[in-house]
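Coordinate analysis (summary)
This is what each chain is made of:
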Amino acid sequence: MKVHSYEKAVLGVGIAILIGCAVALAYATLGMGIHLPGAEGRIDPARVYQTPPFNQPGVRQIGPGRYEAVVVAQAWAFNPAEIRVPAGAEVLFTVTSTDVLHGFNVEGTRLNLMLIPGQISRNRYRFAEPGEYLLICHEYCGIAHHTMAGRVIVEPSSEVVARTTAAAHPGNHP
Ligand code: CUA
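In this report, the structure presented in the accompanying data block is examined. Here the structure is a predicted model, which means the values were calculated and not measured. (Residues numbered from 1 in each chain as written. Predicted model: local features only at pLDDT ≥ 70, side-chain atom pairs only at ≥ 80, totals over all residues. Heavy atoms only, no water.)

To continue, consider unusual backbone geometry. With glycine set apart, most residues show a phi of negative sign, and most peptide bonds adopt trans. In this structure, the amide linkage connecting Pro52 to the following residue, Pro53, adopts the cis form with an omega of 0°. In this fold, Pro53 is placed in the loop between helix 1 (5-31) and strand 1 (58-63). (Helix = DSSP H or I, 4+ residues; strand = E, 2+ residues; numbered from the N terminus.)

See below:
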């Protein structure tokens, strides 16, 4: 079969685009750790505040250099609205919604979750540098959707170590 040279060129471009997309997908998945949130757990949305870990929203240490941030979203706020984590630590965000569909997006990061009532959404992230990040709901959730925001405050990790040490040895203050 004779293939016209223009046809060959167009086929070549098509194949190159397909390979490029496959490489980009592999890089995003393996290199950057971007993936779709899965249905990792289901809970009764009417009993969120009675269901662990959501009965104690907030940040807790779950291992050396590892933290879990448990957040509850509801119209129109995040609980807690201020999330403090140390720089360099691996933070597991465990989030759910009590009422309607909400979003969980931390600006400038790949933290981007859809919060579905009755479903737990999780994602891990490591903030390399101290700073303050805006947390917004990016799924339309009603009349005050635009006001639904919070903050992630990334503290220098030495500060966290110092505070933890001070708390552990309250008598050692100068
Ligand atoms: Cu919650 Cu928009």
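On we go.
Our next topic: the pattern of salt bridges. In this structure the tally under the stated criterion is eight salt bridges. The shortest N-O distance in the salt bridge between Glu90 and Arg66 comes to 3.7 Å. Highlighted residues: Glu90 in strand 5 (residues 90-97) and Arg66 in strand 2 (residues 66-74), separated in sequence by 24 residues. Its relative accessible area of 22% is what places Glu90 among the partly exposed residues. Glu155 serves as the salt-bridge partner of Arg84, at 2.9 Å between the closest nitrogen and oxygen. With Arg84 in strand 4 (residues 82-86) and Glu155 in strand 10 (residues 149-155), this pair connects stretches of sequence that are 71 residues apart. (Salt bridge = Lys/Arg side-chain N within 4 Å of Asp/Glu carboxyl O. Buried < 20%, exposed > 50% of the residue type's maximum accessible area, 1.4 Å probe, protein only.)

Attention now moves to the sheet that holds strand 6 (residues 102-106). Within a sheet, neighbouring strands are paired by backbone hydrogen bonds and run either parallel or antiparallel to one another. Judged by pairing direction, the sheet is mixed, and its five strands sit side by side in the order 4-10-9-6-7 without closing on themselves. Each having just a single partner strand, strand 4 and strand 7 (112-115) make up the two edges of the open sheet. Taken pair by pair, the neighbouring strands of this sheet meet at an average axis angle of 20°, ignoring direction. Bridge analysis of strand 6 against strand 7 gives four bridges, and the strand direction is antiparallel. By the bridge assignment, Phe104 is partnered in strand 7 with Leu113. (Pairing = 2+ DSSP bridges. Axes fitted to C-alpha atoms, helices over the stretch in contact; angles between N-to-C directions.)

Moving on to the packing of aromatic side chains. Within this structure, the stated rule accounts for five aromatic pairs. Note on Phe93 and Phe104: the rings are 5.7 Å apart at their centroids and 55° apart in plane angle, and the pair reads as tilted. Residue Phe93 is located in strand 5, and its partner Phe104 is located in strand 6; the two are separated by 11 residues in the primary sequence. Relative accessible area serves as the criterion here: at 0%, Phe104 is assigned to the buried category. Grouped by ring-pair contacts, the aromatic residues Phe78, Phe93, Phe104, Tyr125, Phe127 and Tyr133 constitute a single cluster. (Phe/Tyr/Trp six-rings, centres within 6.5 Å; stacked < 30°, edge-to-face > 60°.)

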